[in-house]
Amino acid sequence: MSSLRNKRLILGLSGGIAAYKAAELCRLFIKAGAEVKVVMTEGAQAFITPMTLQALSGQRVHTSLLDAEAEAAMGHIELARWADLIVVAPASASFIARLAKGDASDLLSALCLARRGPLAIAPAMNQAMWGNAATAANLDTLRQRGIALWGPDSGAQACGDVGLGRLLEPAALLALAEGCFESGVLAGLTLTLTAGPTREALDPVRYLSNHSSGKMGYALAEAAVQAGASVTLISGPTALAVPERLRFVPVESAAEMLRACQEYPADIFIGVAAVADYRPAENVPYKIKKEQEMLSLNLLRNPDILATIAASSPKPFCVGFAAETHDLAQYARAKLRSKNLDLIFANDAAATFGSDEAEVLAFWNDGELRLERASKTQLARGMIRLIGELLARRA
Ligand code: C5P
């Protein structure tokens, strides 16, 4: 069940082409069980009509500060008091400037000024506007006032530019909003997890490795932080940004990863890394030349990090992953037993690698659960919730 169920959200839209994405965000909020009131600036209405948001939210859309009828029904101060959370998506450069100044000349700015609860803004603008010193200074002001900044994303923009300034995708915004109401199921616990691939050096320029974007592990690390755990993320090389509010330990090889895991013992251990099963028996200190037609490599089996940690004392609550192409349940249950795990998540390897979405089956000693297809961020929250529940049952 989503943590947004029965929560009162104000979804504010300011002007920008990304306003069309707010329609999908509104739909996701409603689907998650939230009550949503939409507030649109004049700029937003140039891009998407209030009728669209009214149909999706099931409520009249608020657009004007000086509308006597709307003020009589629910004034801007009442509206601000009503909300458990205000999310402004998209937040334009102009809206951000008004907010930083404390300007209350339109309904959305006024109710942000009058709010009592948390406010999050999801910026969306051209990359040059995002990079401008004026915008940066306004954002610093908002950060200092405790306003959450969600995004922006980087990539191709509607104007043809490429760079930072895209609105985060609706699914990512939904997950961030859910994070505001998570109950801290892992509060007071330590958690260590491995993520990404390992690299096993053949010589100074070559290595053996596995496919792994690291997305699932990083999403789990972030969900664990949001659930109140003290997190150590031990990561092989990935292209991802280092998440905030955790200890980050970068490693390359399986041997280094194992050492780091032993250095940071925790209450909960999650092995998400795609550890290379073998490493070259020899790591030659010079570049191997391609003189011979056939090159044979001698490989040595790498230690199983997860099984090693599960055999340590005191044993943490151990969670593993099984990426399989067939007979998912059978292989996952076998791994649960052979590695002495408390919980295992199984997924279809082909459908998950590199993707932003996944679905998994969870197996533990006397139970199982299907976590439906969702973004890896949302899925990670579900996994952390399940870990919290199983730990609570054990206690
Ligand atoms: O045995 P298999 O590689 O399928 O097991 C996958 C699980 O074990 C994952 O949780 C992975 O992170 C972990 N693992 C490990 N060390 C290894 C191999 C796998 O921690 N050498």
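Every value quoted in this text rests on a predicted model; they were computed, and no experiment measured them. (Residues numbered from 1 in each chain as written. Predicted model: local features only at pLDDT ≥ 70, side-chain atom pairs only at ≥ 80, totals over all residues. Heavy atoms only, no water.)

Looking at the overall build of the protein chain
- Within the protein chain, the secondary structure is distributed over 16 helices and 19 strands.
- Taken over the C-alpha atoms alone, the protein chain extends approximately 80 × 55 × 35 Å along its principal axes.
- Among the 395 residues that make up the protein chain, the fraction classed as buried is 48%.
- For the protein chain, contacts bridging at least 24 residues in sequence account for 67% of all contacts bridging at least 6.
- By element, 50% of the accessible surface of the protein chain is carried by carbon and sulfur atoms, the whole surface being about 19,100 Å².
- Placing the 39 positive and 40 negative side-chain charges of the protein chain at their respective mean positions leaves the two points 2 Å apart. (Helix = DSSP H or I, 4+ residues; strand = E, 2+ residues; numbered from the N terminus. Buried < 20%, exposed > 50% of the residue type's maximum accessible area, 1.4 Å probe, protein only. Contact = heavy atoms within 4.5 Å. Areas by Shrake-Rupley, 256 points an atom, 1.4 Å probe, with all protein chains shown as cover. Lys, Arg positive; Asp, Glu negative; His and termini not counted. Charge placed at Lys NZ, Arg CZ, Asp CG, Glu CD.)

As for helix α14 (residues 328-338)
- What α14 keeps buried is the set L328, A332 and L336. Relative to the axis of α14, the buried residues are bounded by an arc of 60° and lie together on one face. Away from its buried face, by an angle of more than 90 degrees, α14 presents the exposed residues Q330, R337 and S338.
- Tucked into the core, α14 has its buried residues touching β16 (317-324), β17 (343-348) and β18 (357-364). (Arc of directions from axis to C-beta.)

Let's talk about empty space enclosed by the protein
- According to the stated counting rule, one finds one cavity of 30 Å³ or more in the structure shown.
- Lining the largest cavity, in full, are E182, V185, A223, Q226, A227, R381, I384 and R385.
- Counting residues per element, the ones that place at least two in the lining of the largest cavity are α11 (215-226) and α16 (376-394).
- Among the elements that make up the lining of the largest cavity, the one with the highest residue count is α16 (three residues). (1 Å grid on protein atoms, 1.4 Å probe; cavity = no way out; pocket = protein on both sides within 12 Å on 5 of 7 lines; lining within 4 Å. Points joined across faces, edges and corners; volume = space filled by probe spheres on them.)

So, the site of the ligand
- Surveying the vicinity of the ligand reveals the residues G271, V272, A273, V275, P303, D304, I305, L306, G320, F321, K335 and K339.
- In this structure, F321 approaches the ligand through a main-chain N or O atom, which is 2.8 Å from an oxygen atom.
- Relative to its unbound accessible area of 450 Å², the ligand is 82% covered by the protein chains.
- Counting atoms within 2 Å of the grid points, the majority share of the ligand lands in the second largest pocket.
- Counting residues per element, the ones that place at least two in the shell around the ligand are α13 (305-310) and β16.
- Class assignment of the residues belonging to the shell around the ligand gives a composition of seven nonpolar, two polar and three charged. (Near = heavy atom within 4 Å. Polar contact = N/O pair within 3.5 Å; in protein donor to acceptor, adjacent residues only side chain to side chain. Sits in = over half its atoms within 2 Å of the grid points. Nonpolar A, V, L, I, M, F, W, Y, C, P; charged D, E, K, R; others polar.)

Quick notes on the packing of helix α1 (residues 19-31) against helix α10 (residues 170-179)
- Look at α1 against α10: their axes get within 9 Å of each other, and the N-to-C directions meet at 45°. Accordingly, the angle class assigned to the pair α1 and α10 is oblique. For the pair α1 and α10, the crossing hand works out as right-handed. Each of K21, E24, L25, L28 and F29 in α1 lies in contact with α10, whose residues at this interface are P170, A171, L173, L174 and A177.
- Looking at the contact of α1 with α10 residue by residue, the classes come out as eight nonpolar, no polar and two charged. (Axes fitted to C-alpha atoms, helices over the stretch in contact; angles between N-to-C directions. Parallel < 35°, antiparallel > 145°, perpendicular 65-115°, else oblique. Left-handed = near helix turned anticlockwise from the far one by under 90°.)

Let's talk about the pairing of strand β6 (residues 153-156)
- The sheet contact formed by β6 and strand β7 (residues 162-166) spans four bridges and is antiparallel. Residue pairing across strands places D153 opposite R166, the latter belonging to β7.
- Counted along the chain from β6 to the antiparallel partner β7, the turn is five residues long, and its residue G160 has a positive phi close to 100°. (Pairing = 2+ DSSP bridges.)

Section: the packing of aromatic side chains
- By the definition in use, this model includes two aromatic pairs.
- Here Y218 and F248 contribute two aromatic rings whose centre-to-centre distance is 6.3 Å and whose plane-to-plane angle is 70°, an arrangement assigned as edge-to-face. Residue Y218 is located in helix α11, and its partner F248 is located in strand β12 (residues 247-250); the two are separated by 30 residues in the primary sequence.
- A ring pair is formed by F321 and F345, whose centres lie 5.5 Å apart and whose planes are at 45°; its orientation type is tilted. One end of the pair, F321, is in strand β16; the other, F345, is in strand β17, with 24 residues separating them in the sequence. Both residues of the pair, F321 and F345, count as buried. (Phe/Tyr/Trp six-rings, centres within 6.5 Å; stacked < 30°, edge-to-face > 60°.)

Things to note about a nonpolar patch on the surface
- A grouping of Y278, L295, L297 and L299 is seen on the molecular surface, where their side chains present a nonpolar patch of about 370 Å² in accessible area.
- In this structure, L297 sits in the loop between β14 (278-280) and β15 (299-301).
- Note on L297: relative accessible area 40%, which makes it partly exposed. (Patch = residues over 30% accessible without salt bridge, like charges linked within 9 Å, V, L, I, M, F, W, Y side chains within 5 Å. Salt bridge = Lys/Arg side-chain N within 4 Å of Asp/Glu carboxyl O.)

Comments concerning α10
- With respect to burial, α10 is a largely interior element, seven of its ten residues being buried.
- Listed in full, the buried residues belonging to α10 are P170, L173, L174, A175, A177, E178 and G179.
- Its buried side turned inward, α10 meets α1, β3 (85-91), β4 (119-123), α11 and α16.

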